[in-house]
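# Descriptive analysis of the structure
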Amino acid sequence: MSGDESISEIQKFFKGSNVFVTGATGFIGHVLVEKLLRTCLVSKLYLLVRPKKNKDPQTRMREMFSATLFTRLWDEQPDFIDKVFLIAGDCAEPNLGLSAADEEFMVANMDIVIHCAATINLNGPLKHTSFINVRSTRDLLLIARRMHRLKSFVYVSTAFVNPNQPITEEIIYDCHMKGDALINLVENMSDSVLNSITPECLGSWPNTYTLSKCIAENLVKEYGQNMPICVARPCIVTFTNEEPISGWVNTMKSVPGLCLGVGLGAIHVVHVDPNVGAIIMPADNVANMIITAAHHASKTRSKPTIPVFNYVPNHMAPPLTYGQSVQYVIDLLMRNQLNSEKQIWKLSVYITGSKVLFPILFFIYHYLPAYLVDSCLWISGKKPRVTQIYNKMNVMMKDMRYFGVIDFKFDDRQLQALISSQSDKDKKLFNMDITNIKWEKYFLNTILGIKKYILKDSEDRAVGQKRHQKIMVAYYVLSTIIYGCLLYLSYVLLKMIFPIN
């Protein structure tokens, strides 16, 4: 790619640009940063990074780029790191925690801004969620309005930003709370008062996450007028499909966490409607969508309306339900003998969307065994921990339930038009179209990715098989004991009821 004739339209747009990204250390952020550096010919990439868990931003960046995801980039462009610069900040702080010098540097030098940062804790405290998801968006918009060279701003929202709509269209819906009013509220009220009024603040939104994203979109509409700006709305983001490697993920929340739990035999009850469509999208396709949207936002608009793109599989991918997703994982594991050396118990899953049945089954299949294991740990002088793990899992499933039992409807005509607007080169380089995705192959790569990148299992499958065989022996021995005890108890009860003379 020596001359501009050999590069694509989107690459020309990014070539030589200074790009600022928030949320780079998150899941989507990792995949987006890798693609920007490997494919987009940027001049410099500036990442907003905060200290975390006693690690300074430089340490976090080194850890980030040591991930397997960046292996291909290191191989193909070993000097890419010279393009990466850190800007210390924190989206939970006013003005993103930027120093005055860094803010003025950004105003003078940034060409493209991609705001990915967000807390995805669905029912997180209103104050913390508002600081990160709402105030940071307003403050970054105010900074971007002063940027002399700005040619594109992408706000990364979520397809579930308006779950109270019968069909979510590609528009910014009005919200009953104004962004500035909410920011003023959370800045001046105590946590206890805010927690007490949160249900009233939510209105018809199911949780603080979706409400905060809707309010943030309204701030984009308010402060983004006359700016080259757009809103990207990905749905549930899952493992990479093809680029730069298949089956990569660095988060165990949401669907990735469920896949891991099911695969290890740790999760036996899943709180979703098996017949509801799975609204998921591979992370590499999401990164391609955000990059393509950034290019689109730079174009002169015929209407003042800010472009919005619902990136959902509804009208693209082959049909897939949550029930099928879980079944793929189980069938592929058993058929291909892909057992993990860290397997916990026998694979078996009951799927239900019932509010009544789920807690009963969760107690029987999760809490009862957890109490038993923790009792054994306590007796042996070790700290009980299994019940605590299932407490967190129970909260996660309750949070996710809303998105797993409703058949959401989306309009994605603008997203389809965005795909159509790509040149042939860009369709290959920045593929968004998952029409031809093979879900079975995708879930196979997902399982292999979990084993390799999360569990770090041995490549020798015999190790996992030995573990599986031991677990199955333990399962059948325990089952024999339990059923034997039940039969004996039944025999004793029958003798009491019908005594033999």
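One can find the structure itself at the top, above this paragraph.
In this report, the structure presented in the accompanying data block is examined. Residue positions are given per chain, counted from 1 along the sequence in the order it is written. This being a predicted model, a pLDDT of at least 70 is required before a residue's local features are given, and a value of 80 or more before pairs of side-chain atoms are given or counted; all residues contribute to the totals for chains, interfaces and linings. By convention in this description, side-chain values take in all heavy atoms of the structure and omit both hydrogens and water.

## Digging into the packing of aromatic side chains
This is how it is decided: Each pair of aromatic rings taken from Phe, Tyr and Trp, with Trp reduced to its six-membered ring, is defined by centres within 6.5 Å and is described as stacked if the planes are under 30 degrees apart, edge-to-face if over 60, and tilted in the remaining cases. When a residue's accessible area, from a 1.4 Å probe over protein chains only, is under 20% of the maximum for its type it is buried; when over 50% it is exposed; and in between it is partly exposed.
Inspection of the entire model under this criterion finds 25 aromatic pairs. Geometrically, the ring pair formed by Trp74 and Phe80 is edge-to-face, given 4.5 Å between the ring centres and 65° between the ring planes. Judged by relative accessible area, Trp74 falls into the partly exposed class, the value being 34%. On the basis of an interplanar angle of 70° and a centroid distance of 5.9 Å, the ring pair of Trp345 and Tyr475 is categorised as edge-to-face.

## Structural notes on unusual backbone geometry
Heads up, the condition is: Numbering goes from the N terminus for both helices and strands, where a helix is a DSSP run of H or I of at least four residues and a strand is a run of E of at least two.
Between Glu243 and Pro244 the backbone carries a cis peptide bond, its omega angle lying at -20°. With respect to the element layout, Pro244 can be found in the loop between β7 (236–238) and α10 (254–263). Even without being glycine, Asn95 reaches a positive phi, approximately 55°. Tracing the backbone shows Asn95 in the loop between β3 (84–88) and α5 (100–109). By relative accessible area, Asn95 is classed as partly exposed at 24%. Of note, Lys456 is a non-glycine position whose phi angle comes to about 55°, a positive value. With respect to the helices and strands, the residue Lys456 is situated in the loop between α17 (439–454) and α18 (461–497).

## A closer look at the pattern of salt bridges
Our working definition: The term salt bridge refers to a side-chain nitrogen of Lys or Arg lying within 4 Å of a carboxyl oxygen of Asp or Glu.
Under the counting rule described, the total for this entry stands at 18 salt bridges. When the shortest N-O distance is used, the salt bridge between Glu243 and Lys35 registers 3.0 Å. One end of the pair, Glu243, is in the loop between β7 and α10; the other, Lys35, is in helix α2 (residues 27–39), with 208 residues separating them in the sequence. For the pair shown, Glu243 and Lys35 are each scored as buried. Connected via shared salt-bridge partners are Glu34, Lys35, Arg38 and Glu243.

## Here's the deal with a nonpolar patch on the surface
The test is simple: Without a salt bridge and with relative accessible area above 30%, a residue can belong to a patch; like charges are then joined within 9 Å and nonpolar side chains (Val, Leu, Ile, Met, Phe, Trp, Tyr) within 5 Å. Accessibility throughout is a Shrake-Rupley quantity obtained with a 1.4 Å probe, and a residue counts as covered only by protein chains that appear here.
Residues Leu478, Ile482, Tyr483, Leu486, Leu489, Leu493, Leu494, Met496, Ile497 and Phe498 make up a contiguous nonpolar surface patch of about 1,100 Å² in total accessible area. In this structure, Phe498 sits in the segment after α18.

Everything listed here is a matter of coordinates, which is why it stays silent on function.
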